[in-house]
Amino acid sequence: MSKTIVTFLFSIFALTHSFACTNFLVGKKASVDGSTFVTYNADSYDFYGELYHYAAVQYAPGALLDIYEWDTNKYRGQIPQAAETYNVIGNMNEYQVCIGETTFGGREELVDTTGIIDYGSLMYIALQRSKTAREAIRVMTDLVDQYGYCSEGESFSIADKNEVWIMEMIGKGPGNRGAIWVAIHIPDDCISAHANQSRIHQFSLNDPENCLYAKDVISFARQQGYYTGADEDFSFAQTYNPLDWGGLRFCEARVWSFYNQYTSQAPQWLPYILGKDTHPMPLYVKPDRLIGLKDLMDSMRDHYEGTVFDPTRDWGAGPYHSPYRLHPLTFKVDDKEYGFERPISTQQTAFTFVGQMRNNLPDEIGGVLWFGVDDSRFTVYTPMYACMIETPDCYRVGNGDFTHFSWTSAFWVHNWVANMAYARYDQMLSDAKSLQDTLENGYLEKQAEIEQEAMKRLETGKEATATFLTAYSVELAQKALDEWKQLGEYLLVKYMDGCVKKERNGQFVSNTNGDSAYPNRPKWGEDFLREIVKQTGDWLEQKKLDDDIQ
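Owing to the predicted nature of the structure, the values given are computational and were not obtained by experimental measurement. (Residues numbered from 1 in each chain as written. Predicted model: local features only at pLDDT ≥ 70, side-chain atom pairs only at ≥ 80, totals over all residues. Heavy atoms only, no water.)

Participant: Quick question: what am I supposed to make of the nonpolar core here?
Facilitator: In summary, soluble globular proteins display a tendency toward joint burial of nonpolar side chains. Grouped together as the largest cluster of nonpolar side chains are 151 residues, with contacts concentrated most on I99, F156, I158, F236, Y240 and F351. When residues in this core are grouped by element, the largest group, eleven residues, is from helix 12 (residues 462-494). (Core = buried A, V, L, I, M, F, W, Y, C linked by side-chain atoms within 4.5 Å. Buried < 20%, exposed > 50% of the residue type's maximum accessible area, 1.4 Å probe, protein only. Helix = DSSP H or I, 4+ residues; strand = E, 2+ residues; numbered from the N terminus.)

Participant: Is there a simple way to explain the layout of surface pockets in this structure?
Facilitator: Over the atoms a probe the size of a water molecule is rolled, and this reveals where empty space is left. Its volume calculated, the largest pocket comes out at about 750 Å³. Together, 32 residues line the largest pocket, and Y54, Y68, E69, W70 and N73 are the ones closest to its centre. When residues of the lining of the largest pocket are assigned to their parent elements, the largest contribution, five residues, is made by helix 2 (residues 119-129). (1 Å grid on protein atoms, 1.4 Å probe; cavity = no way out; pocket = protein on both sides within 12 Å on 5 of 7 lines; lining within 4 Å. Points joined across faces, edges and corners; volume = space filled by probe spheres on them.)

Participant: For this particular structure, what's the right way to read the packing of aromatic side chains?
Facilitator: For any two aromatic rings, the description comes down to two numbers: the centre-to-centre distance and the angle of the planes. Summed over all chains, the structure comprises 41 aromatic pairs. Between Y52 and Y124, the aromatic rings sit 5.4 Å apart at their centres with planes inclined by 85°, giving edge-to-face as the arrangement. Placement of Y52 in the loop between strand 2 (36-43) and strand 3 (53-54) and of Y124 in helix 2 is noted, with a sequence separation of 72 residues between them. The same class applies to Y52 and to Y124, which are both buried. Between F331 and F340 the ring centres are 4.9 Å apart and the planes differ by 35°, which places this aromatic pair in the tilted class. (Phe/Tyr/Trp six-rings, centres within 6.5 Å; stacked < 30°, edge-to-face > 60°.)

Participant: How should the pattern of salt bridges be read in this particular structure?
Facilitator: Any two side chains of opposite charge can pair if their charged atoms end up close together. A full pass over the atoms with the stated rule returns 30 salt bridges. R76 is the salt-bridge partner of E69, the closest N and O atoms lying 4.0 Å from each other. A relative accessible area of 15% means that E69 is categorised as buried. Classification of R76 by relative accessible area gives buried; the value is 17%. Here E440 and R301 are joined by a salt bridge, their closest N and O atoms 2.5 Å apart. Remark: R301 occurs in the loop between helix 8 (293-299) and strand 17 (330-333) and E440 occurs in helix 11 (residues 425-458); sequence separation between them is 139 residues. (Salt bridge = Lys/Arg side-chain N within 4 Å of Asp/Glu carboxyl O.)

Participant: Just to check I follow, could you spell out the environment of F234 for this structure?
Facilitator: Looking at the element boundaries, F234 is found in the loop between helix 4 (219-224) and helix 5 (236-240). Residue classification places F234 among the buried residues on the basis of a relative accessible area of 1%. Placed 66 residues apart in sequence, F234 and E168 show a C-alpha to C-alpha distance of 15 Å. Excluding residues that lie within four positions of it along the chain, F234 makes contacts with H201, Q202, F203, V217, I218, A221, Y227, T239 and Y240. (Contact = heavy atoms within 4.5 Å.)

Participant: Is there a simple way to explain the packing of helix 11 against helix 12 in this structure?
Facilitator: Two quantities define a packed helix pair, namely the angle between the axes and the distance from one axis to the other. Relative orientation of the contacting elements helix 11 and helix 12 amounts to 170°, with a least axis distance of 11 Å. Comparing their axes, helix 12 and helix 11 come out roughly antiparallel. Between helix 11 and helix 12 the crossing geometry is right-handed. (Axes fitted to C-alpha atoms, helices over the stretch in contact; angles between N-to-C directions. Parallel < 35°, antiparallel > 145°, perpendicular 65-115°, else oblique. Left-handed = near helix turned anticlockwise from the far one by under 90°.)

Participant: For this particular structure, what's the right way to read the environment of E209?
Facilitator: Relative to the helices and strands, E209 resides in the loop between strand 14 (191-194) and strand 15 (211-213). Residues E209 and Q261, spaced 52 residues apart in sequence, show a C-alpha to C-alpha distance of 30 Å. The residues touching E209, leaving out its near neighbours within four places in the chain, are R134, W165 and H185.

Participant: Help me out: how do you make sense of the pairing of strand 20 (residues 368-373) in this one?
Facilitator: Burial analysis of strand 20 places six of its six residues in the buried class, the great majority of the element. As paired strands, strand 20 and strand 21 (residues 382-385) are joined by four bridges and run antiparallel to one another. Paired with L369 across the two strands is M384, which belongs to strand 21. (Pairing = 2+ DSSP bridges.)

On their own, these measurements won't tell you what the molecule is for.
Right under this line is the structure:
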């Protein structure tokens, strides 16, 4: 078997057995209102969507922290606890530090199985111990230096109310404590993204304000025989996560799709995604227009619509033009390997968020984790303020799990609705999107009013503001759950048995006797019917019977 095929197959294995996630990053001068943004789709077929909460705590000297691997809940060991930790809601803390990630895997021999700190623990420990993005980078790199890094290669989005950074990290092999890493500040007027493929290529070796890195990032590569060129030509991505077809079409294509929504430069990078050009996309770009919060929510729902990668256009989309492929990403026919498109929005998302951080507001009010569960196409992004002292019951850890359904769990209710819609996508999408937009736009319209009231509460103390915003977020989450459950009931009634019930002014139509009117029975599109005839020949053709049979 050739090296190319081996690399390809390893890449497929890594992608289908890890959190194949997507992150977008937006600098404060690239956004409509001066917010910094980080988005995250946390994707895995065995990951439950819930909202974590770590309360701020003062610890006694000598306290220890148990480390459990985020992916597997495997116990890894203990490290000293910090004297003080900060309040964390999901992936944002009370100082508006927000962290997301995607796994790029990289060279498998560099995983340190003896290390204590996994990538998930790294994120949530850093959130509990950092007041800025730069401090989070220092905390994360110090942790792996002291206790070892036991995960595959990771790209991290690390942001606060002023700055947005991307950091990429990979281990140094079994028993070799520490990690190789590079962190780059995304310019304030730019956007960036990463999606399971290392994105940092050449970087400045003499700009500590905008580029930080492990002192041995290049020398280690030389020692391992990965690199022999000049320092200034060194590429972190090419060295530690060599590109293959899967890295392009499953990963870099998602980054391209994000860029394609906001810059007219995107077409020039299409040959790279198609494997016809060796020049990679830039790590960051300046968008053609300023980006708003709702823009990012909708960008997280992208399926390559209207591009050459649009999965609604091929035979696999079925009669209802679904962008989903509900089986393995790759398949083999006649000894050839194939792969479906892997869009930003995907069925296996556990939770998703758009992190909004603002330097023109107090931290108690400025940091909002717009949180949703399940597939971003069929979720509702609901504002969870970073000062919250508890989580909504519908998102709470312990309300159901991956194998136990709960009608009070937002994860399960959203999965119920989405799995109905997958089978009748282009029929049901408009109903779901209508409610989605109504709820999210309503939250955005009310945001300024709520935050003005929160500012008044702040005059009497931080606790009053936290209590007020907690109650508001909890109420919205419950109402969103109730609305989405009603949507599921409505979809079941409207689209029962392949039909579509008639409606007028939002009400199902009755006949003259007061019973339900006979439903519409929509036909499949001609393009799909033609393909059926092509596949079946004359087997389904209605033929004229011979005279003797008549």
